[in-house]
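Observations on the model geometry
For reference, the chains in residue letters:
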Amino acid sequence: MEKVRAAERDLMARLPAGALMQRAAAGLAVACADLLGRVYGSRVVLLVGSGDNGGDALYAGARLARRGAGVRAVLLSPERAHQGGLAALRAAGGRVSADPHGDIGRADLVVDGIVGIGGKGGLRPEAAELADAARARTVLAVDLPSGVNADTGEVDGTAVRADATVTFGAYKPGLLIDPAREYVGALQLVDIGLELPDPDVEALQHADVAALLPVPAADSDKYRRGVVGVVAGSARYPGAAVLAVSGALRGGAGAVRYVGPGGDAVIAAHPETLVHAGPPSKAGRVQAWVIGPGLGDDEAAMADVLASDVPVLVDADGLHNLAPARLRARTAPTLLTPHAGEAAALLGAAREEVESARLHSVRELAARYGATVLLKGSSTLIADPAGGAVRVNPTGTGWLATAGSGDVLSGLTGALLATGLSALDAGSAGAYLHGLAARQAASTGTPLTACDVAAALPETWLSVTA
């Protein structure tokens, strides 16, 4: 958040005193009005801390009071409240609350202005008690829900659970990454004129992904479009092979070579697949490999694939007992796609540690293994071993919490690797398409399976590239 703070300081130095806060307050007041539907006669309670976050809330409350709302401010530190904002609220007819819990209980909207982006740790007891009381009302957070870590998305203690959050100037990492993202609600950005350097975290949007995806040219053939090899499945899990191949066939590659014991099941489902008994190095030329889904313990296949000079995606069983030195010795890119449990095993940590500090975990994995890492979960993150911005996938959905969906993602992303995308771009585009496909498949209202996600990929792909 230091980049945001520096940008704010630079802008404030070039603007009249208080102008930046007024910009934020204006945007916040509009968002409040949208949530209320009707401002006149509505009851609004401001939870006001001691910093500029509280000042934003007070000035926005003044604007609402001038439009006929009954506004009450609960001051957590009365002697440190923003004096200009407090004076503006009183001048507009707003009041300081004498009955915080009673006012919250009657509120149509509660505005959380307790702590801003500089806050660390959970809320203090008094603030936590008010936040708990507000949970029964509609809550709008100013810049971010108080109590969440703006830099990392961690939640260390009690935090405000908002129905909506209005953030200023830039999306903060904590608004995009779980567990904090679950506290944010509907997220709205208000442009206050900040000029920001390269971000620490970014979320690709529709146009960004469309620009990445390869579109066949008039002279394309199946080999120019890229061939992906899939080493997956076993006698116990033949379905993993079918699902990984399904994702790969729908991922833009010109052809898919399958190596493994699930050849009969793969051919029955997808007769266009090129099946080989193995080893992978004898299966024919590929531009990328996917290995691991349902594979079991096949060290020979792992060694063969990792010895190749093309990009390799490692998932599921392939992640077991994976040594960092083994990946660092590779000359071609490697993409690891663990879920939180697998990431914990790779880091030698508890799963709870990974889930509570996802941003730190994905960066640590990428640095330790010298590989691009796609950390799956409710907020999927993609980190490059060279550093730079970590990407957050914005299309994730709980509908993807179904058996086999990760196998589809592996095949899809491996196919994108084979078309020539970097590991970072392939992981980002793969996660984005995977999430969109799940949302589309779930729109029918029927229970979702991994096969449904795979089947929705072609239409999803075309909707992005059109």
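Where an unreviewed UniProt entry is consulted, the protein appears under the name Bifunctional NAD(P)H-hydrate repair enzyme, with the organism given as Streptomyces olivaceiscleroticus. UniProt annotates the protein under Subunit (unreviewed entry) with the comment "Homotetramer."

**Structural notes on the packing of aromatic side chains**
Applying the stated criterion to the full structure yields zero aromatic pairs. When the ring centre of tyrosine 183 is taken as origin, the NZ or CZ atom of arginine 161, which lies over that ring, is 4.0 Å away.

**Brief notes about the sheet that holds strand E17 (residues 390–392)**
Strand order in the open sheet formed by 10 strands is E8-E17-E16-E15-E14-E13-E12-E9-E10-E11, with mixed pairing between adjacent strands. Taken across any chain shown, the strands that pair with only one partner, and hence form the sheet edges, are strand E8 (201–202) and strand E11 (274–276). Across three bridges, strand E12 (residues 288–291) lies against strand E13 (residues 312–314) in parallel orientation. In the strand pairing of E13, isoleucine 291 is matched with valine 314. Set on the sheet, helix H15 (residues 358–369) makes contact with E8, strand E14 (334–336), strand E15 (372–375), strand E16 (381–383) and E17; between it and E16 the angle comes to about 35 degrees.

**Focus on helix H11 (residues 299–306)**
Looking at H11, one finds that the buried residues are Ala301, Met302, Val305 and Leu306. All buried residues of H11 fall inside an arc of 120 degrees around its axis, so they share one side. Buried residues along H11 sit against strand E9 (227–231), E12, E13 and helix H12 (324–328).

**Remarks on the pairing of strand E1 (residues 43–48)**
Most of E1 is tucked away: five of the six residues are buried. Here E1 runs beside strand E2 (residues 70–75); their pairing, made up of six bridges, is parallel. Bridge assignment links leucine 46 to a residue of E2, and that residue is alanine 73. Handedness of the E1-helix H3 (residues 52–66)-E2 crossover: right-handed. Here five bridges tie E1 to strand E4 (residues 109–113), and the two strands are oriented parallel to one another. Paired with leucine 46 across the strands is valine 111, a residue of E4.

**Thoughts on empty space enclosed by the protein**
If you roll a probe as big as a water molecule over the atoms, it shows you where there is empty space left. For the coordinates displayed, the defined rule picks out one cavity of 30 Å³ or more. Here the largest cavity is characterised by a volume of approximately 40 Å³. When contributions to the lining of the largest cavity are tallied by element, the ones reaching two or more residues are E17 and helix H17 (423–442). Its residues placed into classes, the lining of the largest cavity shows five nonpolar, two polar and one charged.

**So, the environment of threonine 273**
On the secondary structure map, threonine 273 appears in the loop between helix H10 (263–269) and E11. Separated by 155 residues in the primary sequence, threonine 273 and glycine 118 place their C-alpha atoms 54 Å from one another. Setting aside its immediate chain neighbours within four residues, threonine 273 contacts Val245, Leu249, Val256, Tyr258, Val266 and Ile267. Here the side chain of threonine 273 touches histidine 270 through a polar contact of 2.9 Å, landing on its backbone oxygen.

**Quick notes on the sheet that holds strand E3 (residues 95–96)**
Whenever strands of a sheet pair, they do so through backbone hydrogen bonds, lying parallel or antiparallel. On the basis of which strands lie adjacent, the open sheet formed by seven strands has the order E3-E2-E1-E4-E5-E6-E7 and parallel pairing. Strand pairing shows two members of the sheet lacking a second neighbour, E3 and strand E7 (186–190), which therefore form its edges. Sheet analysis places E4 next to strand E5 (residues 139–142), joined by three bridges and oriented parallel. Within the sheet, the bridge partner assigned to valine 110 lies in E5 and is valine 139.

**Quick notes on the layout of surface pockets**
Approximately 760 Å³ is the volume attributed to the largest pocket. Mapped by element, the contributors of at least two residues to the lining of the largest pocket are helix H13 (340–347), helix H14 (351–356), helix H16 (405–418) and H17. In terms of residue count, H16 provides more of the lining of the largest pocket than any other element does, four residues in total. Of the residues in the lining of the largest pocket, the class split is nine nonpolar, 16 polar and 11 charged.

**Quick look at the UniProt feature "binding site: K(+)" (unreviewed entry) in the protein**
Here the UniProt-annotated "binding site: K(+)" (unreviewed entry) positions come out as Asn53, Asp112 and Ser146. The named residues occupy 94 residues along the chain; their greatest pairwise C-alpha distance, 9.7 Å, places them in one compact cluster. Structurally, the position occupied by asparagine 53 is in helix H3. Not counting residues up to four positions away in its chain, the partners in contact with asparagine 53 are Asp112, Gly113, Ile114, Val115, Gly116, Val142 and Asp143. Among the structural elements, serine 146 can be located in the loop between E5 and strand E6 (164–168). On the accessibility criterion, serine 146 (1% relative accessible area) is buried. Excluding anything up to four places from it in sequence, serine 146 contacts Asp112, Ile114, Val115, Leu123, Ala159 and Val160.

**Considering the side chain of serine 361**
Checked against the element boundaries, serine 361 lands in helix H15. Contacts of serine 361, omitting those with residues within four sequence positions, involve Leu347, Glu353 and Val354.

The rules behind each value
- Residues numbered from 1 in each chain as written.
- Predicted model: local features only at pLDDT ≥ 70, side-chain atom pairs only at ≥ 80, totals over all residues.
- Heavy atoms only, no water.
- UniProt positions renumbered as here; feature names shortened; annotations may be inferred.
- Phe/Tyr/Trp six-rings, centres within 6.5 Å; stacked < 30°, edge-to-face > 60°.
- Lys NZ or Arg CZ within 6 Å of the ring centre and 35° of its normal.
- Pairing = 2+ DSSP bridges.
- Helix = DSSP H or I, 4+ residues; strand = E, 2+ residues; numbered from the N terminus.
- Contact = heavy atoms within 4.5 Å.
- Axes fitted to C-alpha atoms, helices over the stretch in contact; angles between N-to-C directions.
- Buried < 20%, exposed > 50% of the residue type's maximum accessible area, 1.4 Å probe, protein only.
- Arc of directions from axis to C-beta.
- Right-handed = clockwise from strand over helix to strand, strands pointing away.
- 1 Å grid on protein atoms, 1.4 Å probe; cavity = no way out; pocket = protein on both sides within 12 Å on 5 of 7 lines; lining within 4 Å.
- Points joined across faces, edges and corners; volume = space filled by probe spheres on them.
- Nonpolar A, V, L, I, M, F, W, Y, C, P; charged D, E, K, R; others polar.
- Polar contact = N/O pair within 3.5 Å; in protein donor to acceptor, adjacent residues only side chain to side chain.

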